[in-house]
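# Observations on the model geometry
Chain residues, written in single-letter form:
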Amino acid sequence: MWKDEEVSAIYGREVARQQRVLRMIPSENIMSEGVRAALGGVFCNKYAEGYPSKRYYQGQENNDALERLAQARACALFGAEHANVQSYSGSPANMAAYMAVCEPGDRIMGLGLNSGGHLTHGWKVNFSGKLYEPHRIEVEEGTERLNYDKIAEMAREVKPKVLFIGTTSYSRVLDFKRFREIADEVGAYLVTDIAHVAGLVVAGAYPNPVPYADIVTMTSHKTLRGPRGGMILCREKLAQAVDRAVFPGIQGGPHMNQVMALAVALGEAARPSFRAYGQQVVKNAQCLADHLTRLGLRIVSGGTDCHMMVVDLRAKNVDGKTAATALEKSGIVCNFNAIPYDPNPPRRPSGIRLGTPCLTSRGFKEDEMAKVASWIVRILDDPENAELQAKTASEIEAFLKNYPVSPVID
Ligand SMILES: *Cc1c(COP(=O)(O)O)cnc(C)c1O
């Protein structure tokens, strides 16, 4: 491929790995050929500090047109008043949201990690937990779901400047309207982080927070199936604060090749086939959860409303780390994950997290999910059996030969 043989060799092995295994990490997806071509295009050669018509370098006519197109597509897809498409990724998008509405030292409320939140929602070693005063929302111990009355009570006590609400491992829909009411009651801003579910929102398979939130942040590379990057939507009255927080508050020049790829991805997401994709992602996750439950595993909170689930492995007497390692040897790639109120330590928690965005991009439907569930359980029932792992890995490799490696965009 390239003249650089050392890099080529590694690249070739990664191409083969991605083709050969069931990729079940819920934050990953498969970009289309169009999105990847945009990332490698000549916009990567150009600086564009500033915003359309307000740049700090010359030669911007195409950058301006491109950025405005990406913004217009984002606003149309999500029903938003303003879009900032320059965030390098989800974490800096979240940093910009904080900077737009609060000052260091202000109180913030977000979900704890074991309850499904992200480290940028106030985790102690992250900037969000160091610069601001974090207060953690946890799911209830029995139901493993959010209790909105308790959250309202906590908000009345804490009086946060910001409710920062989003999930990486909470499988139930969030009640954005209720969060708006809670924020209004205590005079807080509501920021919602839909990094994981953005594509499902576009597909109508998950509620859209845009009517309720002051600011909505997201990544573009998860269910939205765009380039690695971030995006921020907000009300017009916060547009200037958000834009200033991104540049010059946090970043210098935007990655215009990434902005081009985002525009392409948003164009793909506006097509009917993407709606079908997002709906199928959720159907597949629900189907997988049902099969796993039937085969003796417990899904945290009892099931899923979205693209992912956390599986409690204690019934199989295997910890998450051992399970994730055994599954990888068998051609199934996922991540170990804590369950709410996990009795085991973070490096060896009680669960794994499974998602369906990649498999659905390869064309998997309900029939395939039944097979996936049986492969997973076969390995978890006998996690030390190296022979079984090797046999399963080759079975999966052969099976995957019949599925496209890139999503079909029609
Ligand atoms: C993935 C994720 C992020 C961070 O995105 P990066 O692009 O990895 O920085 C932020 N918030 C949530 C809820 C996420 O799931």
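Residues numbered from 1 in each chain as written. Predicted model: local features only at pLDDT ≥ 70, side-chain atom pairs only at ≥ 80, totals over all residues. Heavy atoms only, no water.

### Let's talk about the state of the cysteines
- A full pass over the atoms with the stated rule returns zero disulfides.
- Residue Cys102 stays outside any disulfide, its sulfur separated by 15 Å from that of Cys234, the closest cysteine.
- With a relative accessible area of 5%, Cys102 lands in the buried category. (Disulfide = S-S within 2.5 Å. Buried < 20%, exposed > 50% of the residue type's maximum accessible area, 1.4 Å probe, protein only.)

### Quick word on the nonpolar core
- Counting 61 residues, the largest nonpolar core has Phe78, Leu146 and Leu233 as its most contacted members.
- Top element by residues in this core is helix H10 (residues 256-269). It accounts for six residues.
- Viewed by domain, this core spans two of them, domain 1 (34-269) and domain 2 (274-400), each represented by three or more residues.
- Not counting chain neighbours up to four residues away, the residues in contact with Phe78 comprise Ile194, Ala198, Val201, Val202, Asn208, Val210, Met218, Met231 and Leu233. (Core = buried A, V, L, I, M, F, W, Y, C linked by side-chain atoms within 4.5 Å. Helix = DSSP H or I, 4+ residues; strand = E, 2+ residues; numbered from the N terminus. Domains from an automatic or database assignment. Contact = heavy atoms within 4.5 Å.)

### Examining the side chain of Ser27
- If you trace the backbone, Ser27 turns up in the loop between strand S1 (22-23) and helix H2 (33-39).
- The buried category is assigned to Ser27, whose relative accessible area is 18%.
- Not counting the four nearest positions on each side in its chain, Ser27 is found in contact with His196, His221, Lys222 and Arg353.

### A short note on the site of the ligand
- Around the ligand, 14 residues are found, and the nearest of them are Ser89, Ser91, Asp193, His196 and Lys222.
- Measuring from an oxygen atom of the ligand, one finds a side-chain N or O atom of Ser89 at 2.4 Å.
- Asp193 places a side-chain nitrogen or oxygen 2.5 Å from a nitrogen atom of the ligand.
- Per element, the largest residue contribution to the shell around the ligand is three residues, and it comes from helix H4 (residues 90-101).
- Grouping the constituent residues of the shell around the ligand by class yields one nonpolar, eleven polar and two charged. (Near = heavy atom within 4 Å. Polar contact = N/O pair within 3.5 Å; in protein donor to acceptor, adjacent residues only side chain to side chain. Nonpolar A, V, L, I, M, F, W, Y, C, P; charged D, E, K, R; others polar.)

### Structural notes on the pattern of salt bridges
- Within this structure, the stated rule accounts for 22 salt bridges.
- One salt bridge connects Lys150 with Glu140, and the closest N-O pair in it is separated by 2.9 Å. A residue pair is termed long-range when its members are at least 10 positions apart, and Lys150 in helix H6 (residues 148-158) and Glu140 in the loop between strand S6 (133-137) and H6 qualify at ten residues.
- Overlapping salt bridges bring together Glu144, Arg298, Asp312 and Arg314 as one network. (Salt bridge = Lys/Arg side-chain N within 4 Å of Asp/Glu carboxyl O.)

### A few points about the packing of helix H12 (residues 320-329) against helix H14 (residues 366-380)
- At a minimum axis distance of 10 Å, the contact between H12 and H14 shows a crossing angle of 120°. Our classification of the angle between H12 and H14 gives oblique. At the point where H12 passes H14, the crossing takes the right-handed sense. Every residue of H14 that contacts H12 at Ala323, Ala326 and Leu327 is listed here: Ile376, Ile379 and Leu380.
- Each residue belonging to the contact of H12 with H14 can be placed in one class, and the counts come to six nonpolar, no polar and no charged. (Axes fitted to C-alpha atoms, helices over the stretch in contact; angles between N-to-C directions. Parallel < 35°, antiparallel > 145°, perpendicular 65-115°, else oblique. Left-handed = near helix turned anticlockwise from the far one by under 90°.)

### Let's talk about H4
- Compared with the 16 Å implied by 1.5 Å per residue over twelve residues, the 17 Å span of H4 between its first and last C-alpha is a close match.
- For H4, a buried count of nine out of twelve residues is recorded, marking the element as mostly surrounded by other parts of the structure.
- When we look at burial in H4, the residues that qualify are Gly90, Pro92, Ala93, Asn94, Ala96, Ala97, Tyr98, Ala100 and Val101. (Expected span 1.5 Å × (residues − 1).)

### Looking at the domain arrangement of the chain
- Under the domain assignment, the chain is made up of domain 1 (34-269) and domain 2 (274-400).
- The C-alpha centroid of domain 2 is placed 28 Å from the C-alpha centroid of domain 1.
- Tallying the contact residues gives 28 residues for domain 1 and 28 residues for domain 2.
- At the boundary of domain 1 and domain 2, one finds two salt bridges.
- With a closest N to O distance of 3.0 Å, Asp305 and Arg172 form a salt bridge.
- Linking domain 1 to domain 2 there are 17 residue pairs in polar contact (both at pLDDT 80 or more).
- For the side of domain 1 that touches domain 2, the secondary-structure elements that each account for two or more residues are helix H8 (198-202) and H10.
- Grouping the amino acids of the side of domain 1 that touches domain 2 by side-chain chemistry returns eleven nonpolar, nine polar and eight charged.

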